[in-house]
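Structural overview for review
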Amino acid sequence: MGPQAPPSPTMIGSPDGSITVTEKVPTAVVYCEGNFGQIDGKTANGLVRHSQAYRILSVIDSTLAGRDSGQVLDNVSNRVPILEDIAVALDGATSIPDTLIYGMAPSNGKLSLSDREVVLNAIALGMNIVSGLHEYLGDDLEISAAAQAANVTIRDIRKPRPSKDMRLFDGSVANVGAIRIAVLGTDCAIGKRTTATVLARALNVRGIKTILVGTGQTGLMQGAKYGVAMDAVPPQFCCGELERVIVAASGGETPDVILVEGQGALSHPAFCTSAFILRGSQPQGVILQHAPKRAHRCDFPAFPMPDPKDEIVLIEAFSDTQVIGLTINHEAMTESEVDLAIKTLSRDLCIPVTDALTRPEVQLADMVLSAFPQLRSIPLVAAE
């Protein structure tokens, strides 16, 4: 059973950053057992913070049952509860949720035996399945047969287009009129997508039409209109497939700015996606995300985190671009430590520094406007 997208369009973003519902939005429960708010729960974390394609009803994680998911992530209530299991999620519900989203991104990209039972149970209840695993559930004989019997769909986000339809890089991205900015990081699961989402909203609020191109499973689940799961594409086609969606976004939307979600880190020895993103998008600017308190690369305790200055030198040497600002992931940091990090890094790196989640969003927009002053000529649109 191949990947199937939810009804489109389900929600449309207006220039002021708001979302207008145009038809029934599928409801979803996000499964994230034992990992919500942690690195391997980044898909669930992202969907709780922002989702255009699904209306998130609850999160399943028995270790945090009874808490508000927004409070766990950002100390702000969002009224999306964390529940013990699917049975509790359905208790008192007027109808079965449309979808179960597998909200974890384990390093091995595979489904555990216990999680398999959860998926099969959801299918038996009549729920569609959305998964971002490298293991395609639609190709699993047992799960596929169960889905067919229950007349539900399986959407494997990472499943790429057939190789016969993939294209090589041809340089057409150079003809894109929009300013292209890549949001990269010093590690994986460090907040690049979240920062890019916040920045897109901040620029759209100012009347600067901005499109975010997704490059990973979470962004595509959230409803990115343009994107490709880069780590599922054969290396030969990675640059060309990213170029294809950027050119499509330019032609379809005529934006002022195209933001490209980063993956991994250019310096990370286990991943090469950032290299393809820099080559395929040919960005005029890069925003770098860094976690000052993170001691080592996630899932790689033997690999210490790089100094952001070294990452900037590497990025600018590898690609004809400029790092225009740095954003902070404030994990394990107090408010005073965030303040100090912003001041110290801004002084040492001689670029603007902010925190996308704890500082005013206008600071992100100003970071872009400072680097690309031609965008200031676009009339400011007042937010409602």
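Residues numbered from 1 in each chain as written. Predicted model: local features only at pLDDT ≥ 70, side-chain atom pairs only at ≥ 80, totals over all residues. Heavy atoms only, no water.

Take the confidence of the model for the protein chain next. Considering every residue of the protein chain, the mean pLDDT works out to 91; 93% of them sit at 70 or more. Overall, residues 1–22 carries pLDDT values under 50, and its contacts beyond four positions in sequence, including any with other chains, amount to 57 contacts. (pLDDT = per-residue confidence, 0-100. Contact = heavy atoms within 4.5 Å.)

Now for the pattern of salt bridges. Where side chains of opposite charge bring their charged atoms close, a pairing between them can arise. Scanning all chains against the criterion turns up 19 salt bridges. With its nearest N and O atoms 3.0 Å apart, the salt bridge here joins D170 to R167. Overall, D170 belongs to the exposed group, its relative accessible area being 53%. Between R244 and E241 there is a salt bridge; the shortest N-O distance is 3.0 Å. Taken together, the residues R244 and E241, both in helix α8 (residues 235–253) and three residues apart, mark about one turn of the helix. Take R244: its relative accessible area is 24%, and that puts it in the partly exposed class. (Salt bridge = Lys/Arg side-chain N within 4 Å of Asp/Glu carboxyl O. Buried < 20%, exposed > 50% of the residue type's maximum accessible area, 1.4 Å probe, protein only. Helix = DSSP H or I, 4+ residues; strand = E, 2+ residues; numbered from the N terminus.)

Before going further, it helps to spend a moment on unusual backbone geometry. Backbone geometry at N75 places phi at a positive 60°, although glycine is not the residue there. Taking the relative accessible area as the measure of exposure, N75 reaches 63% and is therefore exposed.

Ordered by their spatial adjacency, six strands build an open sheet running β5-β4-β3-β6-β7-β8, and the pairing between neighbours is parallel. Only two strands of the sheet have a single neighbouring strand rather than two, namely β5 (82–83) and β8 (154–156). Relative to the sheet, helix α4 (residues 113–124) contacts β3 (27–31), β6 (99–102) and β7 (128–131), its axis offset from that of β6 by approximately 165°. (Pairing = 2+ DSSP bridges. Axes fitted to C-alpha atoms, helices over the stretch in contact; angles between N-to-C directions.)

Note that T186 resides in the loop between β9 (179–185) and α6 (192–205). For T186, a relative accessible area of 0% corresponds to the buried category. With residues near it in sequence (within four places) discarded, T186 still touches A265, L288, Q289, H290, A291, R297, M305, P306, P308 and E311.

What follows concerns the environment of E142. Along the chain, E142 falls in helix α5 (residues 141–150). Since its relative accessible area comes to 44%, E142 is described here as partly exposed. When the C-alpha positions of E142 and R116 are compared, they lie 9.9 Å apart, and in sequence the two are 26 residues distant. Leaving out residues up to four positions away in the same chain, E142 has contacts with R116 and L120. A polar contact is formed between the side chain of E142 and the side chain of R116, at a distance of 2.8 Å. (Polar contact = N/O pair within 3.5 Å; in protein donor to acceptor, adjacent residues only side chain to side chain.)

Taking 1.5 Å of rise per residue, the 15 residues of helix α11 (residues 335–349) would be expected to cover 21 Å, and the 21 Å separating its terminal C-alpha atoms lies within 8% of that figure. Those residues of α11 not exposed but buried are V338, A341, I342, L345 and L349. Viewed end-on, α11 has its buried residues packed into an arc of 100°, placing them on one side of the element. Counted as exposed and oriented over 90 degrees from the buried face of α11: S336, L340, K343 and R347. Immediately beyond the C-terminal end of α11, within one or two residues, lies C350, with a positive phi of roughly 60°. (Expected span 1.5 Å × (residues − 1). Arc of directions from axis to C-beta.)

Okay, the nonpolar core next. Among the nonpolar cores identified, the biggest contains 45 residues, and F36, L100 and I101 are the most heavily contacted of them. When residues of this core are assigned to their parent elements, the largest contribution, five residues, is made by α4. The contact partners of F36, leaving out residues within four places of it in the chain, are A44, N45, V48, V59, D61, L64, S69, V72, L73 and I82. (Core = buried A, V, L, I, M, F, W, Y, C linked by side-chain atoms within 4.5 Å.)

So, on to the environment of S77. Inspection of the secondary structure puts S77 in the loop between α2 (69–74) and β5. Spatially, the C-alpha atom of S77 lies 9.5 Å from that of R67, the residues being ten residues apart in sequence. Residues within four places of S77 in sequence aside, it is in contact with D68 and Q71. A distance of 3.0 Å separates the side chain of S77 from the side chain of D68, its partner in a polar contact.

Assignment of secondary structure puts N35 in the loop between β3 and α1 (42–49). Its relative accessible area of 17% is what places N35 among the buried residues. Sequence-distant contacts of N35, that is, excluding residues within four places in its chain, are made with D40, G41, D61 and M104.

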